Structure formats: C-alpha cells, structure tokens
Amino acid sequence: MALRGLAGSGPGSRGPLDEAVAAAKEREAPAVVVAGATPEDDEDRSRGLLRWDGFSAWLHCVCVVGFDLELGQAVEKTNICYLSFPDSNSGCLGDTQFCFRFRQSSGRRVSLHCLLDQFDKDLPVYLKKDPAYFYGYVYFRQVRDKTLKRGYFQKSLVLISKLPYIHFFHTVLKQIAPEYFEKNEPYLEAACNDVDRWPAPVPGKTLYLPIMGVVMKVRIPTCHDKPGTTQIVQLTQQGDAHISVILPTVHEVDLFRCFCPVFLHSQMLWELVLLGEPLVVMAPSPSESSETVLALVSCISPLKYFSDFRPYFTIHDSEFKEYTTRTQAPPSVILGVTNPFFAKTLQHWPHIIRIGDLKPAGEIPKQVKVKKLKNLKTLDSKPGVYTSYKPYLNRDEDIIKQLQKGVQQKRPSEAQSVILRRYFLELTQSFIIPLERYVASLMPLQKSISPWKSPPQLRQFLPEEFMKTLEKTGPQLTSRIKGDWIGLYRHFLKSPNFDGWFKTRRKEMTQKLEALHLEALCEEDLLLWTQKHTEVETVDLVLKLKNKLLQADREHLPVKPDTMEKLRTHIDAIILALPEDLQGILLKTSMT
C-alpha cells in the first residue's frame, strides 16, 4: 500500500512516497495553482485571507492511497494508508465509503485556519473539533482489472479534516471521487481550488458550496439551535433553482439503519455509551463498523462523548498495543473492527457487539440476542450483543412497539431514525436536566460579585448533596421509564463523560462570573476612585483592566459589546487624568 499523491493543505502530488508523507506533515501551498487572480481571490484578500486559507478552514489535506505490489505494506508506516483500505477479508467490491479517526502525532505543530477556533465557540459541544484527533473520510474503489498484476484496481481518495461533519464529507466524496478515478490528478487539483473558494464554515449561516459544477446547500448547527431540529428545510422554499444538493444535516448518520439489528437493546447500548464503557463493534466491513460506532457515539447527544472512539480500527494502528493489552483493564473507548484477529485479541473486553451485513432501507435483519461473552469464539460467531451488563433502567417497551410498527408498515428508514433520535434525545435530556439544575445552584449569587474583589468561586460539586435532590427533582419528572436511576447516576459520576461534561460546564460558569465581574466594574465611577488613590494604585488598576480586556477577547467571554466599549472608555479617561510621562508609558503598553 502506498500514499500516491497529496493535494490541498500540503503540496500537490510530489511523486515519491517519502515526499508525499513529508507533505502531509508540513503546511505549504499546493504546487499547482490556477493562474490568474479571480474575483473570489480579490474578495479573499480583502478579508485578509491568504491563498489556501479557505481550503484549510475545511480540510487539512487530501490523500490518494493506492496498492503497490512492489512497495507492498512494508514501506509505509503512516496510519492513514492502512486505515484507508478495508481489511482483505472484507471483500469490498465496487465503491465503499467509510470514516476513520486517528490521533495526532505528539509534538507535531499543525497550522489550521485561525478562524476555526472562533467558530468553535458557537458550535454544539458534540461538534467542537478535538485538537488531538483528525478524521479521515474515505471513498474506496476496488474493481477487476486484468491489465494489473494483482487483477484488481484498488485506490482510495481520502479527505483529512478536524471537522466531524461525516454526512457532509461523504457527500463531497460522492460528488468528486468517481470522476477523479477516471480523470486523475488535474481533476483533483481543480476540486481543491473549488474548496479554497468556499466561505468559512460559520455555524448558523446558510452556506452555498460549489464543487465541480455542483452546488451544495448546507447549514452547520449552532449551540443555540433547539436539539433534535434542523433549520435547513425551512430555508429551501424558493430561489434554489441553482442548488444541486441540499443537506438537511452535516453530521448525522442513518441512526435506525445502524441500530436496526439491535434496536431491542437500544436502551442498554445507550447506558453503555453514557457510562463510557469499553465497547467493540465487530462488523463485516469498514462501512458497517464506522457507521455503527458513529451512531453509538451520537446516541447520547446533546451530551458529548468524551472518551476516544475509532470508527475503523486496524491491527496496524499505532494504538493497537495500548488498546489490546491484557495487563490492565480495557480503556474507555469504542472500537469498530473488521479483522477476525480481533475476536481473539479483544475477547477480554466486557461488551462486544457483533453485527452482520447492514440491510438496505426497507429490509429488516433478524434481531440479535444478548449473549454471554464466553460464547464469542471468532468473528464467525452469530451476530449478538455479548455482555454480562445488567441495565440500570427497565426497557421502554413503547419505543420498541413504535419501531416494530414502523417496520410492519414499511415506514422509511429516515422516519424511523427521527423517532429513534427523538427517543434518545428525550432519554438523555431527562437524565441530564437534574444535573444541570444542581450545577446551576453552585453559581454564587450576583449580589456577591464586587468590582473591587476577585470574582467569587463556584461551590463544590458534592455527589451526595446532588443525590438528595433527585427525590423531588429527578428524571421521574420528565421520563416514564422506571428503574435504578440513582445507581445509573452514581456510575455516571465516575465516568469520563461526567468528567468532561462537568469541566465544560464549570469553565462556562467561571467565564460567566468573569463577564459579570467586568460588567460590575463598568458600572463603577472609576475616575472618581482614582482621585482617592495614589498614582501607583491607579497605574496598577489600568494594567489590571487591560488584562481583563485581553482575557475577555482571548477566552471569548460572554460579555456584551457595549461593556467592552465602556471599559475601553474608562481606561482612556483614567490614562488622560495621569501625568504626561505616565500617559506615554501606558499608551505604549496598549500599542504593544
């Protein structure tokens, strides 16, 4: 297997393997650039964007991976090559699409579009980019070709990005990969030029994205959207004659298709994902494994899954030893695998989902059973959920009847997915609302915020104090499901998902306190205060106020724009009231 070419964020195809891999690690402009300035180029420059900055906002690079009999697998050491091809046992003939996720090399400096960070704050928490990971979106083609030694044409086109927009990037690949396989590198370079002209991925904005003669209409969700809704449909009523593809979602997978073989156990799987339990999905192909892992991760939305997950994991992965060792307990991670070798290697894992081929929409596979782990011998074992886990909550029979009725009535998979997604959303919200209510009570009262003291601290999260609140304001207020909710909460409080969720909430609340402290400062007559204090104290105040401004900007504090303007006015007024020599010094510090 060999990385044949690279375009986009690194140089275009540079020939030898070593150069291509080096290109993936650097940040240079592609070697092939369309000559002549375009109106779009002029517009980009007026916004302060450099050539290929537009590309970098969406993609890190584009890779082409081909199988080479002479080079084989021995030469290439990068994860990308092995992750871009199905295992040989998968037997994927024709075109296959799937997704993988890999850890960024430690100590590697990666230049990404600087605007991505400011867009991140407006995204729902589960769509924020993880600085430690990349996604790889693959379009793999394997067809018979007697002119080749191997007898098959095998090649993958791979988009590498920090953005977890699975549905969007798979749609992009569907538009460009088939023609690329016919027309080769010049076509790919033209596609990269199109991507470079796209507007930035701003959450909440309707975006029109042209790619090789096709225009896609998308909207990236924001943290202010009502969970479980999509707003793109409301924007497609008129004036869209030039639109070729309208995407109602950028990130969602076909939830019901993935859960279809196991929907009797949906609630148990929801618990396992919520609690961050080690989970393996054994599937016949990377397409099935990646879709199922992504469906599992999304089932606790709007909560973010904070542990690691690998939609497609191979024995060549750099974390293989770390994740398969028997010398310690399996880590909190969800792995999607296809190689039969994993049936033996991961036999000690506590929860294993073995699925068969996912059926096309309208066809329903036989429901799998929950089985003891000792019954799992090989990947040829019957499909099933192999676990000794006892769910905390009683099974909700209503959702099962509703989905079964949909199957009998041949309800479309999209409609079944909407029902299942709404069910998971309501279940997660019923679980998280009591936690949100308790955490909000840890916030100090606004009257305790003094402009002349540091912002007050949040009260400590006390598990037993929280448990006592459940009796009157627990999930029973919003959920009909019975069971051991207390036991589920106790387990959750020890999980990586609680740790990640609480750190996020604590950061948001601390930033809110900082913002309220800034507002309190702005309401004070600071000039009057300086008249009663020494020059040294006044200079100290100016420096502290400037630091506050920098912090608000750096940390994107939730401060009203007029508050920032008021604070700048206060600072200017205080500086002008000081002697000229001090004015000069303080004005210099504001310029540097």
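First, a word on scope: everything that follows refers to the structure included in this document. Just so you know, these numbers come straight off a predicted model, no measurement behind them.

This part is about the packing of aromatic side chains. Inspection of the entire model under this criterion finds 36 aromatic pairs. Taken together, a centroid distance of 6.2 Å and an interplanar angle of 85 degrees make the contact between W270 and F431 edge-to-face. A residue pair is termed long-range when its members are at least 10 positions apart, and W270 in helix α9 (residues 266-274) and F431 in helix α14 (residues 413-440) qualify at 161 residues. F431 matches W270 in its accessibility class, with the two residues each being buried. Ring plane angle 10 degrees and centroid distance 4.3 Å describe the contact between F431 and Y489, whose orientation is recorded as stacked.

Moving on, we come to the side chain of H517. Relative to the elements of secondary structure, H517 occurs in helix α17 (residues 496-523). A distance of 3.3 Å separates a polar side-chain atom of H517 from the backbone oxygen of S450. Apart from the residues within four sequence positions on either side, H517 is in contact with I449, S450, P451, K453, P455 and K548.

This brings us to the pairing of strand β9 (residues 279-282). Residues L279 and V281 point to one face of β9 and V280 and M282 to the other, with burial holding for every one of them. As defined by bridge partners, β9 adjoins strand β11 (residues 333-337) across four bridges and the pair is classed as parallel. By the bridge assignment, V280 is partnered in β11 with L335. Of the pairings in the sheet, the one linking β9 to strand β12 (residues 351-354) comprises three bridges and is parallel in character. Its bridge partner lying in β12, V281 is registered against I353.

Moving on to empty space enclosed by the protein. By rolling a water-sized probe across the atoms, one finds the places where empty space is left. Scanning all chains against the criterion turns up six cavities of 30 Å³ or more. In this structure, the second largest cavity spans a volume of roughly 70 Å³. Lining the second largest cavity, in full, are W58, L59, V62, L159, F169, V172, I176, L188, A191, C192, V195 and W198. Mapped onto the lining of the second largest cavity, the elements with two or more residues apiece are α6 (166-183) and α7 (185-196).

Time to look at the nonpolar core. Side chains of nonpolar character tend, in soluble globular proteins, to be buried together. The biggest cluster of nonpolar side chains holds 105 residues, and the ones touching the most others in it are W58, F168, F259, W270, F431, L435 and F461. Counting residues per element, this core draws most heavily on α14, which supplies 10 residues. Looking at which domains feed residues into this core, each of domain 1 (53-201) and domain 2 (255-415) gives three or more. When sequence neighbours within four positions are dropped, the list of residues in contact with F259 reads S266, L269, A295, L296, C299, L420 and F424. Counting residues in hydrophobic clusters, the runner-up holds 22 residues, among them A515, L526, V559 and L567.

Here the focus is the pattern of salt bridges. This model, assessed by the stated rule, comprises 28 salt bridges. A salt bridge links R568 to E565; the shortest N-O distance between them is 3.7 Å. Placement of both R568 and E565 in helix α20 (residues 561-576) is noted, with a separation of three residues, approximately one turn of the helix.

Here we take up the sheet that holds strand β10 (residues 308-310). Ordered in space as β10-β11-β9-β12-β14-β13, the six strands form an open sheet in which the pairing is mixed. Looking at strand neighbours, the two that pair on one side only are β10 and β13 (369-371), the edges of this open sheet. Going from strand to strand, the sheet's axes swing by 15 degrees on average, the running direction of each strand aside. Packed onto the sheet, α9 meets β9, β11, β12, β13 and β14 (384-387) and runs at close to 50 degrees relative to β14.

Here the focus is the pairing of strand β5 (residues 152-161). Taking burial as the measure, the 10 residues of β5 include eight buried ones, the bulk of the element. As judged from the six bridges shared by strand β2 (residues 61-66) and β5, these two strands associate in the antiparallel manner. Of the residues in β5, the one forming a bridge with C63 is V158. As paired elements, strand β4 (residues 133-144) and β5 share 10 bridges and run antiparallel to each other. Bridging across to β5, F140 finds its partner in S156.

Basis of the calculations
Residues numbered from 1 in each chain as written. Predicted model: local features only at pLDDT ≥ 70, side-chain atom pairs only at ≥ 80, totals over all residues. Heavy atoms only, no water. Phe/Tyr/Trp six-rings, centres within 6.5 Å; stacked < 30°, edge-to-face > 60°. Helix = DSSP H or I, 4+ residues; strand = E, 2+ residues; numbered from the N terminus. Buried < 20%, exposed > 50% of the residue type's maximum accessible area, 1.4 Å probe, protein only. Polar contact = N/O pair within 3.5 Å; in protein donor to acceptor, adjacent residues only side chain to side chain. Contact = heavy atoms within 4.5 Å. Pairing = 2+ DSSP bridges. 1 Å grid on protein atoms, 1.4 Å probe; cavity = no way out; pocket = protein on both sides within 12 Å on 5 of 7 lines; lining within 4 Å. Points joined across faces, edges and corners; volume = space filled by probe spheres on them. Core = buried A, V, L, I, M, F, W, Y, C linked by side-chain atoms within 4.5 Å. Domains from an automatic or database assignment. Salt bridge = Lys/Arg side-chain N within 4 Å of Asp/Glu carboxyl O. Axes fitted to C-alpha atoms, helices over the stretch in contact; angles between N-to-C directions.

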